[in-house]
Amino acid sequence: MTLLITLLLGRLGVSRLVAGAIAWAASAALVSGAAFTVCEVVKHRFAEEIRAKIEKENQDAIRKGIECSHVS
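Draft legend 1. Geometry of the overall build of the chain. For the chain, the helix and strand inventory stands at two helices and zero strands. Computed over its C-alpha atoms, the radius of gyration of the chain comes to 27 Å, more than 25% above the 11 Å expected for a compact globule of 72 residues. Projected onto its principal axes, the C-alpha positions of the chain cover 85 × 15 × 10 Å. Expressed as a percentage of the 72 residues in the chain, the buried residues total 8%. Per element, the accessible surface of the chain, about 6,200 Å² overall, is 69% carbon and sulfur. Counting 9 positive and 7 negative side-chain charges, the chain places the averaged centre of each group 13 Å from the other.

Draft legend 2. Examining the pattern of salt bridges more closely. The final tally for this structure, using the stated rule, is five salt bridges. For R63, the salt bridge identified is with E67, shortest N-O distance 3.4 Å. Pair noted here: R63 and E67 are both in helix α2 (residues 16-71), with a separation of four residues, about one helical turn. Put simply, K56, D60, R63 and E67 are held in one network by salt bridges that share partners.

Draft legend 3. How the structure looks around a nonpolar patch on the surface. On the surface, V38, V42 and F46 cluster together into a nonpolar patch covering about 270 Å² of accessible area. Here F46 shows up in helix α2. What makes F46 partly exposed here is its relative accessible area of 49%.

Conventions and cut-offs
- Residues numbered from 1 in each chain as written.
- Predicted model: local features only at pLDDT ≥ 70, side-chain atom pairs only at ≥ 80, totals over all residues.
- Heavy atoms only, no water.
- Helix = DSSP H or I, 4+ residues; strand = E, 2+ residues; numbered from the N terminus.
- Rg over C-alpha atoms; globule rule 2.2 N^0.38 Å.
- Buried < 20%, exposed > 50% of the residue type's maximum accessible area, 1.4 Å probe, protein only.
- Areas by Shrake-Rupley, 256 points an atom, 1.4 Å probe, with all protein chains shown as cover.
- Lys, Arg positive; Asp, Glu negative; His and termini not counted.
- Charge placed at Lys NZ, Arg CZ, Asp CG, Glu CD.
- Salt bridge = Lys/Arg side-chain N within 4 Å of Asp/Glu carboxyl O.
- Patch = residues over 30% accessible without salt bridge, like charges linked within 9 Å, V, L, I, M, F, W, Y side chains within 5 Å.

And the structure:
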């Protein structure tokens, strides 16, 4: 990718040093964006698992409360 950006900017008359800097910056932006996306997906997945666990515990507590109220 950096080679393509460097070649494209070279054709536009931009110096190789500036083209290389732009290419590295674009690569860094893509990598950091991908890392952020993965982090958000993992965070969301774990949040859903914890939410489901808490919901199950609440349902179990409600069921036990109902059972106890019928026994007394």
